[in-house]
Structures are given as structure tokens and as C-alpha cells.
Amino acid sequence: MSPTTAPSATAVAIPELESLSLDSPQSATETAATDRLATPARPVTPTQFDPPNPVPYYFEDGLRRVTPYFYTYKTWCKERWRGRELLDVFESEFRDRTPAYYKHAIETGQVFIDGKVVTPNYVLRNGNLVSHTIHRHEPPVSAAPVTILHEDDDLIVINKPSGIPIHPAGRYNYNCILEIMRVERGPEWVAYPCHRLDRLTSGIMFIAKHPKSAERMSSQIKQRSVRKEYIARVIGNFPDGEVVCNQPILSISPKLGLNRIRADGKAAKTVFKKLAYYPPSEPQVLPPSAETPGDGPDPPLDSAEATSRPWAGKKGYSIVRCLPLTGRTHQLRVHLQHLGHPIQNDPIYANQKVWGINLGFNDPNALENSDEDIIARLDRMGKQDVADAVAYHDEMVDQYYKKRAEKMSGELCEVCDTPLYTDPGKQELSLWLHSLRYEDAGGSWSYVSPLPDWALPPPGFAGPSEVGNLDDLVDAVKDENPELA
């Protein structure tokens, strides 16, 4: 489908979203919302811009799409914006549009300060209300349904599809779990998410029906009396036995959501155990490297190539059970990368164009790649380059998906002249990391989802189709973490 085509529909608008400044008395509430702990979903506030009924979803090519619509953002001046020119703030804080677009938007009255048109060099002050009306283009997401694993008067336990964010955030508004469920359950439905789950991660998620239930479940999660198990598909043959990784994790770019192992980071601890290993079913064929032109597979590795691309020597893949004892952002992805077995299709932490030839393996002091280099490379992903995992696969990589990965298309919207993105590729809608189990350490309740398809034995192989209990993983750390025993 062309980036500029969609079913014919009248452009519509939805309620304006007001976010709070950092010095606002309600900033604590904003922080809680970020942590997704017992925070209600954004309420629907009727305005002159009423949302359409039904929401303008349509389905095409296996994707849930939203017809473009007009939307007005409102936000109070953040503390870090004070004393800076308006155009500078837009260029540095909002990355999905070009500087030229923002300059034009300010000059043509699409941006207001306290309800008035200003120039691009207007200097922001404390108390300024910034509003910006745009023609909004939401990225498409998977058309997979939100499956209900359990529901009672207090709680809904869902099996979240991969690639869909929980809350409205960034470029996503209607295409998020809470809004999809709101359309299914009615406009008066209010959700109270009890914890967070990254956009790319699939699996178990708790949504409370009222504040008391949210508070109760959130309290259990914060007290670490809840066992959480994830399942991951990683590069190579993961070591046998229980593997404990307690490397601290530092956020090196909150803006990009980028993290890596650092001695001065926050304490983080995970227990891993291999569930199964699947060797290559056929003679190894490597995907074309990012530096190799052409559509054919690379030739077999010679000794020089094996030295320059050590990740390519890890044959086959493993299904690994993961028991996190802390909750750092991207903790499992970063720990698995550090151990030399990143998630096989991870577009960030298994990306050679970001991390270099060793894919970030055992580099806690950033001797191989500086933070600045990593940030600059990742910042290019989605603008000029294709954010794709450069990892070892059992079969030749399908170049069709690489060509479909989301990046700037070079085309402009016919309504607003905004640069358009192509559709996301398959690898951008799925991460082989799944929230498999949540259970009370005391045994009073437990919820387990089915294994995702990518964790089941491939054709021609025998292997486990379900997991056992957590005893072995808990036993590995029960002396230091008795609350899980």
C-alpha cells in the first residue's frame, strides 16, 4: 500500500491531550503514569473535537491501521525548555518531523503560545502553554487480537500481542492496547494498568478494573513477592544450567530508550535457564551483512570473516527462560546481549550497525564502542537506515521484510506535506521476548500464557511445547532473594 493512500474518510479530530510541566504540582502523577503502576488510562474529555464513533480503524496486509486525523497537542512549558527558542525546542524534543516542517508550522500559525501566534525565535518562559495542531499519522500495528486469559470483577489478565504499546504515547494514540480495548468495551470503560510492558514485548499484562484492585496488585509487584517469567529466543547455544547475571544497567540515552551495562548503573539481576536448543536444520546460510550489496546469501565464512563477524559463528538458536529479580528498562535484552546471546531478532541489541562486530558482548567499560558512537548510530535508525537485527538465522533471510522496514519513504502527505514513513517490517512488529508467567510467591495465584509460536519446536525437531515450574530458577537465588522462595 502506498504511504499516501487510505480509505477515503473525512479528517477527524480527537480530544486534546494536556501534559504537565515538570514543575507542575501534578508532576508526581505524571511520573506514576510513566511507571505504569496503578495509573488510570487517559480519560476521554468531550470537546469540540469529538472522536469519531467508531474509531477509524481499518485492516490491510495483516495490519491494524488508523485513518489520518487532526489532533491538537497541549503541554505546559517544561523546566528544561525555559529560556530556549521555540523552534530549538521543537527540533530537539520532537523527532518524528523535520526542522523545516516545524519552522513552517510556527510561521503559519499551527503552533500557539498561550493561544497566540509567535515567531520561531520566541523564547519560552515558565507558565507558557504550547499547543500544536497536526494532521496525525499513526504507525500501523499488528492486527492480532488482544486475548483475555482471565477476567473477574477486579482484574483482566491479557495476552498482549507484540508490537503494540500499552498507552497512547509518541506517534501512537488509537493504536495502543488500552484504546483498542476501549473500542471493544465501550467509551465509558476505564483501565488501570498495574505494570508496564514494552511495545515490542508480548505476553501477560494485568489491567485492573478499579483503583483498589490496581493498588493491591501494584503493591505486590513492587514488594517483589510476585514471580515473573519471560521466554526469549536467542542467538546460539545458550550455556546449560542456571546462569545468573547481576550486571548493573545504565540508561545512556533516555530520549532513545537506550541502555547498556555499566558499573555506575542501577543494580540489576536475572536468572536464565535454557529450555531448548535447535541447531541449524540445513547447512548454514548467513544473511547478507549490512555492508554487502546484493540479494543473495553471503558465502561461507573464511577465517578473516569469522574474526570480523564473531556473532555469525553462533549456530542455531536457543529458547531461554528468564526470571528477572529487578525491573530495569530492557533488562533482559541488555543482560542477554552482555552474555553473548542477544535476542535473535532484536532490532537494537542484536544490531551490528549499532553495536559493532561483537554486538556489545562483554563490553561493560565501553572500550569497543563509546556511548556517543552508539547513540549516533541508533539515532539514524528509522531515518536513513533500516533498523534490523543483524543476527544469525537458520535459513536465508527474506529480503522482502528488510525492504519493508519502517523508514522515511521520501513521499509527503497530500493534506499536510508531512514526510511519510513506509509500513513497519515484520521485525519491527515482533520481538522474540514474551511475558510467560506471573505468580504469587506464596502460591495463592498463578497465570501462565501459552508459548508463542516462535518458541515451539521448528518443523522436523522435537522439543518442549510448555514449561515446568520455576523451582530450579528460584533455587539458584533463594539464599540472596528469599522473598521468591
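Residues numbered from 1 in each chain as written. Predicted model: local features only at pLDDT ≥ 70, side-chain atom pairs only at ≥ 80, totals over all residues. Heavy atoms only, no water.

For Arg233, the position within the fold is in strand 13 (residues 226-235). At a separation of 3.4 Å, a polar atom in the side chain of Arg233 contacts the main-chain carbonyl oxygen of Trp454. Once residues within four sequence positions are removed from consideration, Arg233 is found in contact with Tyr317, Ser318, Ile319, Pro342, Ile343, Gln344, Trp432 and Trp454. (Helix = DSSP H or I, 4+ residues; strand = E, 2+ residues; numbered from the N terminus. Polar contact = N/O pair within 3.5 Å; in protein donor to acceptor, adjacent residues only side chain to side chain. Contact = heavy atoms within 4.5 Å.)

In terms of nonpolar packing, the biggest core is built from 61 residues, with Ile158, Met181, Phe206, Ile207 and Phe272 touching the most fellow members. In this structure, Phe272 is in contact with Phe238, Gly241, Glu242, Val243, Cys245, Val320, Arg321, Cys322, Leu332, His335, Leu336 and Leu339, ignoring residues within four places of it in sequence. (Core = buried A, V, L, I, M, F, W, Y, C linked by side-chain atoms within 4.5 Å. Buried < 20%, exposed > 50% of the residue type's maximum accessible area, 1.4 Å probe, protein only.)

The next subject is the environment of Cys245. Inspection of the secondary structure assignment puts Cys245 in strand 14 (residues 242-245). Measuring from C-alpha to C-alpha, the distance between Cys245 and His338 comes to 9.0 Å, with 93 residues separating the pair along the chain. Cys245 has contacts with Ala268, Lys269, Thr270, Phe272, His335, His338 and Leu339, leaving out every residue within four places of it along the chain.

Glancing now at the pattern of salt bridges. A complete count under the given rule lists 20 salt bridges for this structure. Ionic pairing is found between Arg333 and Asp346, a salt bridge with its closest N-O pair at 2.8 Å. One end of the pair, Arg333, is in helix 7 (residues 331-338); the other, Asp346, is in the loop between helix 7 and helix 8 (352-355), and 13 residues separate them in sequence. Accessibility assignment for this pair places Arg333 and Asp346 in one class, buried. What you see here is one network of salt bridges that share partners, running through Arg227, Glu229, Arg321, Arg437 and Glu439. (Salt bridge = Lys/Arg side-chain N within 4 Å of Asp/Glu carboxyl O.)

We now examine unusual backbone geometry. A positive phi angle is found at Asp114, which is not glycine, with a value near 55°. Residue placement: Asp114 occurs in the loop between strand 5 (111-113) and strand 6 (116-117). The phi dihedral of His330 is positive, around 60°, even though this residue is not glycine. Looking at the element boundaries, His330 is found in the loop between strand 18 (317-324) and helix 7. Note on His330: relative accessible area 13%, which makes it buried.

Hydrogen bonds along the backbone pair up the strands of a sheet, which may run parallel or antiparallel. With antiparallel pairing, three strands are arranged side by side in an open sheet as 2-3-8. Two strands in the sheet have a free side with no partner beyond their single neighbour: strand 2 (57-60) and strand 8 (141-142). Examined bridge by bridge, strand 3 (residues 63-66) and strand 8 share two bridges and lie antiparallel to one another. What sits directly across from Leu63, in strand 8, is Ser142. (Pairing = 2+ DSSP bridges.)

Attention now moves to the side chain of Thr201. Here Thr201 lies in the loop between strand 11 (192-193) and strand 12 (202-208). In contact with Thr201, other than residues within four places in its own chain, are Lys160, Pro161, Ser162, Tyr230, Leu431, Leu433, His434 and Ser435.

A separate point is the packing of aromatic side chains. The description of an aromatic ring pair uses the distance of the two centres, along with the angle that the planes make with each other. Summed over all chains, the structure comprises 15 aromatic pairs. Geometrically, the ring pair formed by Tyr71 and Tyr73 is edge-to-face, given 4.8 Å between the ring centres and 65° between the ring planes. Taking the relative accessible area as the measure of exposure, Tyr71 reaches 1% and is therefore buried. For Tyr73, a relative accessible area of 28% corresponds to the partly exposed category. Note on Tyr278 and Phe461: the rings are 6.0 Å apart at their centroids and 75° apart in plane angle, and the pair reads as edge-to-face. In this pair, Tyr278 sits in strand 17 (residues 270-278) while Phe461 sits in the loop between strand 22 (446-448) and helix 11 (471-475), placing the two residues 183 residues apart along the sequence. An aromatic cluster is defined as three or more aromatic residues linked by ring pairs; in this entry it consists of Tyr57, Tyr69, Tyr71, Tyr73 and Tyr174. In this structure, Lys78 packs its charged tip against the face of Trp81, placed 6.0 Å from the ring centre. (Phe/Tyr/Trp six-rings, centres within 6.5 Å; stacked < 30°, edge-to-face > 60°. Lys NZ or Arg CZ within 6 Å of the ring centre and 35° of its normal.)

Our next topic: the confidence of the model for the chain. Low-pLDDT stretches of the model should not have their predicted coordinates read in fine detail. Counting all residues, the mean pLDDT for the chain is 78, and 76% of those residues have values of 70 or more. For residues 1-50, every residue scores under 50 in pLDDT, and the model assigns this stretch 106 contacts once sequence neighbours within four places are set aside. In this model residues 283-310 is a low-confidence stretch, pLDDT under 50, and it forms 44 contacts with partners more than four residues away in sequence or in other chains. (pLDDT = per-residue confidence, 0-100.)

For the rest of this paragraph, the subject is helix 4 (residues 177-185). Buried within helix 4 are the following residues: Ile177, Leu178, Glu179, Ile180, Met181 and Arg182. The secondary structure elements touched by the buried residues of helix 4 are strand 2, strand 3, strand 9 (147-151), strand 10 (155-160), strand 11 and strand 12. Looking one or two places after helix 4, you find Gly186, whose phi comes out positive at around 110°.

Our focus in this paragraph is the pairing of strand 13. With 10 of its 10 residues buried, strand 13 lies for the most part within the structure. As paired elements, strand 13 and strand 21 (residues 433-440) share seven bridges and run antiparallel to each other. Within the sheet, the bridge partner assigned to Tyr230 lies in strand 21 and is Ser435. Looking at chain direction, strand 13 and strand 18 are connected through six bridges and run antiparallel. Bridge assignment links Val234 to a residue of strand 18, and that residue is Ser318.

With that settled, consider the environment of Glu439. Here Glu439 lies in strand 21. It is 8.9 Å that separates the C-alpha atoms of Glu439 and Glu229, two residues lying 210 residues apart in sequence. Those residues in contact with Glu439, other than ones at most four positions away along the chain, are Ser225, Val226, Arg227, Trp445, Ser446 and Leu470. Of the polar contacts made by the side chain of Glu439, one reaches the side chain of Ser446; its length is 3.3 Å.

Turning to the state of the cysteines, a few remarks are in order. In total, this model carries zero disulfides according to the counting rule given. Here Cys413 is not disulfide-linked; the sulfur of Cys416 is the nearest cysteine sulfur, at 3.7 Å. (Disulfide = S-S within 2.5 Å.)

Each turn of an α-helix holds 3.6 residues, which means side chains three or four residues apart point in the same direction. Along helix 3 (residues 99-107), the residues classified as buried are Tyr101, Tyr102, Ala105 and Ile106. Each buried residue of helix 3 lies within a common arc of 130° when the element is viewed along its axis, so the set occupies one face. For helix 3, the secondary structure elements touched by its buried residues are helix 2 (86-93), strand 5, strand 6 and strand 7 (129-136). Positive backbone phi, at 80°, marks Gly109, one or two positions downstream of helix 3. (Arc of directions from axis to C-beta.)

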